[in-house]
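If you want the building blocks of each chain, they are given just below.
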Amino acid sequence: MFPPQTTPSPGSPLANLDATLSAAFIGGKAPTVGTSDPYKDPVKLLKLARACRDACMDNDRWMYERIWWRNILYMLGRQWIYFDGNQNQWRDKRLQKWIPRPVTNKCAESVDSIISVFQSVILGITAAPMSANTLDESTAQTCNALSPALHLEHNMDNVMWEHDWWLLVTGNAFLHTWWDPTRDRGNVVVTYERCVSCATVSHPKDIVAAGQKCPTCGSPSLEQARDAGGALMQEQVTFGQGVTDAISPLEISVPNPYGELGEMPFIIRKRWRVKSWYQKHAPDLVAKIQWENAPTDRSLQLLRGISTQTEIGASPVFGGTGSASNEPGVTEYELWYKPTPEWPEGVLLRFTDGGGGASELVELPGENIPGPLPFKTPKGDRLIPFVHTRYEKVGGRFWAKSPLDRLIQKQDQINQLDSMIQMIIQRCAAPIWSVAKGAQIRKFSGEPGFVMEHTPSASGDTRPQRIDGSEVPGSLFKIREMYYADFESLAGTYDIIKGSKPAGVEAFSAMQLMVEQGQSRFKPQLAARGRSYREWFNLVIELERQFGPEERVWQALGPNQQWTYQKFQHAQLQGNIRIMVEDGSNVPKTSLGKRAAVQQLQQMGVIDAKNPEIGFRIAKIFGQADLLPGTDAQVSFALRVQNEFEEWAMVAQLTPGAPMADPMTGAIVMGAPQVTPPPPGKRLPWQNAQVFVAEHTKWACSDRVTELMREKPWLESMVAWLIQQHEMAAMAQAAMAVGAKTAVTPGAPGMGQAMTNSNRESGNPGDVPGAGNNATAPPV
């Protein structure tokens, strides 16, 4: 669903809200300008819609659909198939029933491995200001702080997983970002308005629909409406939230001659809508639509057929009428048409195709559809909110290749070889019995315990004989290993990519080289994925600018394990920024590589695992932080102290000292300035000084503390005091440790020497008190 595109007048009470946000909850439509408004001409709109749909239905698309459907079937384990050109569909191979059809699904294994590589990448963005303008800098800072909230709101973790699956299986994936005003993310208050001329009280949506005038008399003079008690007449409404869908190429239609999505004059998203959906959202259209039992669009037939395909389920179908349910429905097309001289604001419309050329425009309550493209930049440029990601780009072609396209043939070889080995085991390796009864052998079978009849020998020996089976040739297993190696090489999914250490490889440099070699295979794909995420974030920011609330509250779990709340103003998003993918964010980091790097750095002496801070971080890398509960508690304690100090620093004030008499001269002088209230963070005896020094030092170098000290320079001494008290404690603890070590060192003076002498005397059996120098030691 999409909000209508209407803009309140500068004098309207809604002027303090974003124009398109008010349209989102107002729910009205743009006013009709006479009878020449093209958006109100259904004949013209349907003519445009059919022309765009027909331009996408070229005769070449079926070749890509056939490949996509084959890859999907291979992922589901339906791999003993062939393409029937007469029936235009994939079918199970016609083999004798006794021929094994094993499936070693290396395709699914490779896709899972590559998805794990993609998912290990933490997609992050950095917003940079376009100029030194204060508004641009503020917008960049707000976008950087707001990005985790937008990522979570759009559920991008799940969206990107589905996006990656379609990207690997078909080679193409799309992200569609839109605004859903029906989502209950929060409420805004709408104030009714009263006409000064006729005193009619109207809802803002009616006023906007009337062109910012009174719907009754047409007067532009409006004021806030109040009830008999003088209170404002208001209403709480939901303002909605942004939504992102991961879309397969089966749901997208584009004209074929163009090579890039940005060059497309339009794009069509296809859906299969069941009758019950229209009965709920558009009951007026139920009687007008020609309902069908299956989609008329071939791509939607395949998409809906996925839900019925299993390893042992229905026959693989291409171009058939596979259906996921028996409920009637209709194919719905959503057209996004770029601005042209005839349509200067572009076109967004939905229409149905019930077969036989019967089409109906879909108009839902609360939407301005058909209408102009709803999304636009602050400069007024219209946006089509789709992002296309390609796995392996082919020059001069819009649709990209999937990694499975080069693996299918090798997968077939593996399956066929496994079938041959299994047949050899069944027919040749199984032992059989030979029974004398004349030469009447009719057939051989791979069934265990098979009895073969033979002609008795001249000696008349008729005893049954056991004939051992023959072994499977070892060359077949060598060929199988070669096929596996070829498959891994083609897919780029080596052992180290899958998270396991290759046998015989111990050196870190060798493992790191293998990691880099494996990951370099996916560098173009990771870069394309990062660009798609950047383009997605650009669209999300534009949606927030248009439809976002005036104030957004975002709660986050801080490093001190406490929830903090940040507020973002809508006005902070109006500057010009440039979105970039963070350096290194598109490079995966495997746990194996991290562990090997830690071991190498420790051997080189770069890091000291005995340091509490470094030891705790190493334990976290190895996933064993729970083995150091004391250090974990100390780190959390230090973070809580830092949070308390920041909260205190925001309200603390430096007050002048009270007048006092100088004890030497008696003159009245001003006392030292006082800080009120006193700072928190006094050292406690059970705090680990080394941990607190390390954590507080990092914290003092953060941007947050630097900004606080810039605003209040006198805080610098307070921060220094917070760290120095732990430094002094750490020095005292180190001195005590050195003293204890010196106390037991031979030749040490004082108390240390006395303890040394005592130990020496007590361990000397020849020095017995009272026995004299010539006395012998008692027997032991």
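Above this text sits the structure in question.
As the structure is a computational prediction, the values presented were derived from the model and not from experiment.

The next thing to look at is the overall build of the chain. Tallying secondary structure elements over the chain gives 20 helices and 26 strands in all. Long-range contacts, defined here as pairs at least 24 residues apart, represent 69% of the contacts in the chain between residues at least 6 apart. Taken as a whole, the chain presents about 40600 Å² of accessible surface, with 54% of it coming from carbon and sulfur.

A few words on the packing of aromatic side chains. For the structure on display, the rule yields 20 aromatic pairs. Ring geometry for Phe174 against Trp399: centres 6.2 Å apart, planes inclined by 75°, an arrangement best described as edge-to-face. With Phe174 in strand 4 (residues 172-180) and Trp399 in the loop between strand 16 (386-390) and helix 10 (408-429), the pair connects residues that are 225 residues apart, well separated along the chain. Grouping residues by exposure puts Phe174 and Trp399 together as buried. Aromatic pair Phe645 and Trp699: ring centres 5.5 Å apart, planes at 90°, arrangement edge-to-face. Here Phe645 is found in helix 16 (residues 629-651), whereas its partner Trp699 is found in helix 17 (residues 689-700), with 54 residues between them in sequence. Here Trp699 falls in the buried class, since its relative accessible area comes to 7%. Through a chain of ring-to-ring contacts, three or more aromatic side chains come together here, namely Tyr64, Trp68, Phe174, Phe398 and Trp399. Above the ring of Tyr333, the side-chain terminus of Arg53 is found at 5.9 Å from the ring centroid. It is Arg66 that lies over the ring of Phe83; its NZ or CZ is 4.5 Å from the centre.

On to the side chain of Asn415. Position of Asn415 among the secondary structure elements: in helix 10. Given the relative accessible area of 2%, Asn415 is considered buried. Within the local environment of Asn415, its side chain forms a polar contact with the backbone nitrogen of Thr104, the two atoms lying 3.2 Å apart. Not counting residues within four places of it along the chain, the set of residues in contact with Asn415 comprises Gln79, Trp80, Pro102, Val103 and Thr104.

This part covers the sheet that holds strand 13 (residues 329-337). Ordered by their spatial adjacency, five strands build an open sheet running 11-12-13-14-15, and the pairing between neighbours is antiparallel. The open sheet has two free edges, formed respectively by strand 11 (252-253) and strand 15 (359-361), since each of these has just one partner strand.

Looking now at the pattern of salt bridges. Applying the stated criterion across every chain yields a total of 26 salt bridges. A salt bridge links Arg298 to Glu65; the shortest N-O distance between them is 2.5 Å. Taken together, the residues Arg298 in helix 9 (residues 298-305) and Glu65 in helix 3 (residues 61-75) connect sequence positions 233 residues apart. For Glu65, a relative accessible area of 2% corresponds to the buried category. In this structure, Glu260 and Lys393 form a salt bridge, with 2.8 Å as the shortest nitrogen-oxygen distance. Of the two residues, Glu260 is situated in the loop between strand 11 and strand 12 (266-274) and Lys393 in the loop between strand 16 and helix 10; the sequence distance between them amounts to 133 residues. A relative accessible area of 29% places Glu260 in the partly exposed class. With a relative accessible area of 53%, Lys393 lands in the exposed category. Connected via shared salt-bridge partners are Arg271, Arg273, Glu332, Glu334 and Arg350.

Helix-helix packing is characterised by the crossing angle of the two axes and by the distance between the axes. At a minimum axis separation of 11 Å, helix 5 (residues 134-153) and helix 13 (residues 523-547) run at an interaxial angle of 100°. Classified by the angle their axes make, helix 5 and helix 13 are roughly perpendicular. Here Thr139, Cys143, Ser147, Leu150, His151 and Glu153 of helix 5 come into contact with helix 13, specifically with Tyr533, Trp536, Phe537, Val540, Ile541, Glu544 and Arg545. Looking at side-chain class alone, the contact of helix 5 with helix 13 contains seven nonpolar, three polar and three charged residues.

Here Arg480 shows up in helix 11 (residues 474-491). On the accessibility criterion, Arg480 (24% relative accessible area) is partly exposed. Distance in space between the C-alpha atoms of Arg480 and Asn415 is 9.8 Å, their sequence separation being 65 residues. The contacts of Arg480, once residues within four sequence positions are left out, are Thr104, Leu417, Asp418 and Ile421.

This part is about helix 9. Buried residues dominate helix 9, accounting for six of its eight residues. Of all the positions in helix 9, only Ser299, Leu300, Gln301, Leu302, Arg304 and Gly305 are classed as buried. Taken together, the buried residues of helix 9 touch helix 3, strand 12 and strand 13.

On to the state of the cysteines, then. One covalent bond between the sulfur atoms of two cysteine residues makes up a disulfide. Across all of its chains, the model carries zero disulfides by this definition. With no disulfide of its own, Cys217 lies 3.5 Å from the sulfur of Cys195, the closest cysteine sulfur.

Moving on, we come to a nonpolar patch on the surface. On the surface, Leu601, Met604 and Val606 cluster together to form a nonpolar patch covering roughly 290 Å² of accessible area. Residue position: Val606 is located in the loop between helix 14 (591-603) and helix 15 (612-621).

A few words now on the nonpolar core. If you look at the biggest cluster of nonpolar residues, it comprises 84 residues, and the most contacted ones within it are Phe118, Ile267, Trp336, Phe375, Phe386 and Phe537. Here the element with the most residues in this core is helix 13; it accounts for nine residues. Within the second largest apolar cluster, 18 residues are counted, among which are Val641, Ala649, Val719 and Leu722.

Procedures and definitions
Throughout this document, residue positions are counted from 1 along each chain, in the order its sequence is written. Side-chain atom pairs in this predicted model are given and counted only at pLDDT of 80 or more, local residue features only at pLDDT of at least 70, and totals for whole chains, interfaces and linings cover all residues. As a convention, hydrogens and water are excluded, and side-chain values are obtained from all of the structure's heavy atoms. Each helix is a run of H or I in the DSSP string that is no shorter than four residues. Each strand is a run of E no shorter than two, and both are numbered from the N terminus. Note on definitions: a residue-residue contact is assigned when non-hydrogen atoms from the two residues lie within 4.5 Å. Working definition of accessibility: Shrake-Rupley area with a 1.4 Å probe, residue cover restricted to the visible protein chains. Within 6.5 Å between ring centres, the rings of Phe, Tyr and Trp (the latter by its six-membered ring) count as paired, and their orientation is classed by plane angle as stacked under 30 degrees, edge-to-face over 60, tilted in between. Burial here depends on accessible area, computed with a 1.4 Å probe over protein chains only, as a share of the maximum for the residue type. Under 20% is buried, over 50% is exposed, and the range in between is partly exposed. Note on criteria: charge over ring means Lys NZ or Arg CZ within 6 Å of the ring centre, with the direction from the centre no more than 35 degrees off the ring normal. Pairing of N or O atoms within 3.5 Å defines a polar contact, subject to two protein rules: one partner must be a possible hydrogen donor and the other a possible acceptor, and residues neighboring in sequence count only if both atoms are side-chain atoms. Whether two strands pair comes down to DSSP finding at least two bridges between them. Salt bridge, as used here: a side-chain nitrogen of Lys or Arg that lies within 4 Å of a carboxyl oxygen of Asp or Glu. What counts as an axis is a line fitted to C-alpha atoms, over the stretch in contact for a helix, and the angles between N-to-C directions run from 0 to 180 degrees. Comment on the angle field: the value is read as roughly parallel under 35 degrees, roughly antiparallel over 145, roughly perpendicular from 65 to 115, and oblique elsewhere. For this classification, the nonpolar set comprises Ala, Val, Leu, Ile, Met, Phe, Trp, Tyr, Cys and Pro, the charged set comprises Asp, Glu, Lys and Arg, and every other residue, Gly included, is treated as polar. A pair of cysteine sulfur atoms is labelled a disulfide when the two atoms are within 2.5 Å. A patch is a set of surface residues, each over 30% in relative accessible area and not in a salt bridge, joined within 9 Å for like charges and within 5 Å for the nonpolar side chains Val, Leu, Ile, Met, Phe, Trp and Tyr. In this text, buried Ala, Val, Leu, Ile, Met, Phe, Trp, Tyr and Cys residues form a nonpolar core when linked through side-chain atoms within 4.5 Å.

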